[in-house]
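Given next are the chains, with one letter for each unit.
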Amino acid sequence: MDYVSTRGSAPALDFEGATLAGLAADGGLYVPREWPTFRLDEIVAMRRLPYPELAARVMQSFVGDCLTPQRLRELCEQAYARFAHVAVTPLTQLDERNWLLELFHGPTLAFKDVALQLLGLLFEEFLSRRDERLTIVGATSGDTGSAAIDAVAGRERIDIFMLHPKGRVSDVQRRQMTTVKAPNVYNIAIDGSFDDAQAMVKRMFGDANMTGRFRISAVNSINWARLMAQVVYYFAAALQLGGPERKVAFSVPTGNFGDVFAGHVAARMGLPIQRLIVATNVNDILHRALSAGDYSAGEVTPTAAPSMDIQVSSNFERLLFDVGGRDGAALAEQMRGFETTKAMRLTNAQREGAAALFASARGDAGQMSQAMRWAWEHCDGEVIDPHTAIGLHAAREADLPADVPIVTLATAHPAKFRDAVERATGVRPALPPRVGDLFERDERYVELPGDYAAIAAYVAEHATPSR
Ligand SMILES: *Cc1c(COP(=O)(O)O)cnc(C)c1O
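If you're wondering where the values come from, they're calculated on a predicted model, not measured in any experiment.

A. The arrangement of the packing of aromatic side chains in detail. The final tally for this structure, using the stated rule, is 18 aromatic pairs. Measuring from ring centre to ring centre gives 5.9 Å for phenylalanine 38 and phenylalanine 235, while their planes differ by 85 degrees; the resulting arrangement is edge-to-face. In this pair, phenylalanine 38 sits in the loop between β2 (30–32) and α2 (40–44) while phenylalanine 235 sits in helix α10 (residues 224–240), placing the two residues 197 residues apart along the sequence. Taken as a pair, phenylalanine 38 and phenylalanine 235 share a single burial class, namely buried. Taking NZ or CZ as reference, lysine 342 lies 5.7 Å from the ring centre of phenylalanine 338, over its face. In this structure, arginine 396 is placed above the aromatic ring of tryptophan 374, and the distance from its NZ or CZ to the ring centre is 3.8 Å.

See below:
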């Protein structure tokens, strides 16, 4: 299997190359050259497989010759052994038609663990084969940082530098990053916003001074391997609810469009999906794009669901490429226009292609609290987090045939956002035992000004060169 860039001019890479590269050299994102597909009887045969085995079966054709089937299975077993539930991503029933897919049983309490636990192992496997080292530089509004740090802490060939905006992540999120003691983990609190942090990371990827000495890579969802690992739970959920014979719909709390794009991939692979509902909060660029063709970025409004407080959704480019005729040159031009004006119109082909599978909905603060209260009052005391609540709101508003089950992706554990949950429901969710003495441990991080030169100097001083 080889991977091509959505902007058409970067060299094609195999799975190993695409995993280590992150962003393509032409500024695009890597996607498989074609979608591998399963016949219905092959999907039926996946029913009741343990999660790691299902994962290996769904992912094998994306990995191609880069890992043997046996090695891929071993890595999946190792990655998912750290989850606190045997089913890895269990389903919970809310009412006659609504279900929650609980994606928060990993070490850092958000769905990012499902992909990052595997990605950490893939990095290590490929780096030791090449006898190389990797410098991961990332910006986080909370969940990606903690999941990535947990996944690579203590790994010999990797250094990780994680920037977070000082004072703007929750106390649980910050402590999950800053109490990790491994010597290869560097936390940096910057004076500035998440967007400032993100801009400095992007600048480092283009800084020849840095890229000449270090192999710098990304752990956000521009990395294809993350999306690939997320395809698996769409299969797992649909198979439990009567698929592939019965179609299932999914409602997905969306920010960077990675999680819901994985649903699109599952559908392309042959899994019957009735509808993918893109649920946004008031930062609704994706809802406007999918409902009216208007992809234009405004200012970010901070909400109680910070991982969805995004104006530019990187992975949307992958969908535009796939449903718009896979024309890299045309998309490169469209994206260049967007980068200059912060606005673009979807083409008719893109709009019609997306409408075949996607719907969208927007939830404001009141609707989010209402969904949290509804789950608490009508579903046997079910406590959900603010991101999941936006998804559940969209699911309950969806206009779908009555016999279609709707699965809302529960993307974070409610204890990760205790204050917001308490405000809406009056209940303060307890931290699960697996996070242990998080509030007793010492924190370790540096504070730096929101200034590129200072960040680059810090990374250069502490990172180990690539060979
Ligand atoms: C990252 C995140 C999201 C958004 O996922 P995308 O793949 O960026 O669309 C939603 N909810 C939570 C809790 C997250 O951490």
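B. Region of interest: the pattern of salt bridges. A full pass over the atoms with the stated rule returns 29 salt bridges. In this structure, glutamate 447 engages lysine 166 in a salt bridge whose closest nitrogen and oxygen atoms are separated by 3.1 Å. Taken together, the residues glutamate 447 in strand β15 (residues 446–448) and lysine 166 in the loop between β6 (158–165) and α7 (171–178) connect sequence positions 281 residues apart. The exposure class assigned to lysine 166 is partly exposed, which follows from its relative accessible area of 36%. With a closest N to O distance of 3.1 Å, arginine 288 and aspartate 284 form a salt bridge. Aspartate 284 sits in the buried class, given a relative accessible area of 12%. Here the salt bridges share partners, and the residues they tie into one network are Asp284, Arg288, Asp294 and Arg362.

C. Region of interest: the packing of helix α4 (residues 69–80) against helix α5 (residues 112–130). It is the contact of α4 with α5, at a shortest axis distance of 9 Å, that shows an interaxial angle of 130 degrees. One element, α4, and the other, α5, form an angle in the oblique class. As for how α4 packs across α5, the hand of that crossing is right-handed. Across the interface between the two elements, Arg71, Leu75, Cys76, Gln78, Ala79 and Tyr80 from α4 touch Val114, Gln117, Leu118, Leu121, Leu122 and Glu125 from α5. For the contact of α4 with α5, the residue count by class is eight nonpolar, two polar and two charged.

D. Inspection of the site of the ligand at higher detail. Near the ligand you find 14 residues, and of these Lys112, Asp143, Gly255, Asn256 and Asp259 are the closest. At 2.8 Å, a backbone N or O of glycine 255 approaches an oxygen atom of the ligand. The protein chains hide 96% of the 380 Å² of surface that the ligand would expose on its own. Classifying every residue of the shell around the ligand by side-chain character gives four nonpolar, seven polar and three charged.

E. Structural view of the pairing of β6. Counting buried positions over the eight residues of β6 gives eight, a clear majority of the element. Residues of β6 alternate between two faces, with Ile158, Ile160, Met162 and His164 on one and Asp159, Phe161, Leu163 and Pro165 on the opposite face, all of them buried. By the bridge criterion, six bridges tie strand β5 (residues 134–139) to β6 in an arrangement that is parallel. In the sheet register, isoleucine 136 faces β6, and the bridge partner there is isoleucine 160. Between the parallel elements β5 and β6, the chain passes through helix α6 (residues 143–152) in a crossover that is right-handed. By the bridge criterion, six bridges tie β6 to strand β7 (residues 185–190) in an arrangement that is parallel.

F. Expanded view of the nonpolar core. Counting residues in hydrophobic clusters, the biggest one holds 109 residues, and the most contacted among them are Phe15, Tyr80, Trp224, Tyr234, Phe235, Phe250 and Phe316. For this core, the element with the highest residue contribution is α10, accounting for 14 residues. Leave out the neighbours within four places in its chain, and phenylalanine 250 touches Tyr234, Ala237, Ala238, Ile273, Arg275, Leu276, Ile277, Val407 and Leu409. If you look at the next biggest cluster of nonpolar residues, it comprises 27 residues, including Met368, Ala371, Trp374 and Val404.

G. Region of the structure containing the packing of α6 against α7. Where α6 meets α7, the axes come as close as 8 Å, and the angle between the chain directions of the two elements is 25 degrees. Compared by their axis directions, α6 and α7 come out roughly parallel. Relative to α7, the crossing made by α6 is left-handed. Between α6, through Asp143, Gly145, Ser146 and Ile149, and α7, the contact on the second element is made entirely by Gln173, Gln176 and Met177. In the contact of α6 with α7, the residues fall into two nonpolar, four polar and one charged.

H. Up close: the sheet that holds β5. Pairing in this open sheet of five strands is parallel, and the strands run β8-β5-β6-β7-β15 from one edge to the other. Two strands bound the open sheet, and with one partner strand each, they are β8 (216–217) and β15. α5 contacts β5, β6 and β8 of the sheet and is inclined by roughly 150 degrees relative to β5. Sitting on the sheet, helix α8 (residues 194–205) touches β5, β6, β7 and β8, and the angle it makes with β5 is about 150 degrees.

I. Looking closely at helix α16 (residues 365–378). Under the 1.5 Å per step criterion, the end-to-end length of α16 is 20 Å for 14 residues, consistent within 8% with the ideal 20 Å. Of the residues making up α16, those classed as buried are Met368, Ser369, Ala371, Met372, Trp374 and Ala375. Residues of α16 that are buried make contact with α17 (386–397) and α18 (418–425). Its side-chain oxygen placed 3.1 Å from the backbone nitrogen of glycine 366, aspartate 364 serves as the N-cap of α16. Looking one or two residues past α16, aspartate 380 carries a phi angle of roughly 60 degrees, positive in sign.

Conventions we followed
- Residues numbered from 1 in each chain as written.
- Predicted model: local features only at pLDDT ≥ 70, side-chain atom pairs only at ≥ 80, totals over all residues.
- Heavy atoms only, no water.
- Phe/Tyr/Trp six-rings, centres within 6.5 Å; stacked < 30°, edge-to-face > 60°.
- Helix = DSSP H or I, 4+ residues; strand = E, 2+ residues; numbered from the N terminus.
- Buried < 20%, exposed > 50% of the residue type's maximum accessible area, 1.4 Å probe, protein only.
- Lys NZ or Arg CZ within 6 Å of the ring centre and 35° of its normal.
- Salt bridge = Lys/Arg side-chain N within 4 Å of Asp/Glu carboxyl O.
- Axes fitted to C-alpha atoms, helices over the stretch in contact; angles between N-to-C directions.
- Parallel < 35°, antiparallel > 145°, perpendicular 65-115°, else oblique.
- Left-handed = near helix turned anticlockwise from the far one by under 90°.
- Contact = heavy atoms within 4.5 Å.
- Nonpolar A, V, L, I, M, F, W, Y, C, P; charged D, E, K, R; others polar.
- Near = heavy atom within 4 Å.
- Polar contact = N/O pair within 3.5 Å; in protein donor to acceptor, adjacent residues only side chain to side chain.
- Areas by Shrake-Rupley, 256 points an atom, 1.4 Å probe, with all protein chains shown as cover.
- Pairing = 2+ DSSP bridges.
- Right-handed = clockwise from strand over helix to strand, strands pointing away.
- Core = buried A, V, L, I, M, F, W, Y, C linked by side-chain atoms within 4.5 Å.
- Expected span 1.5 Å × (residues − 1).

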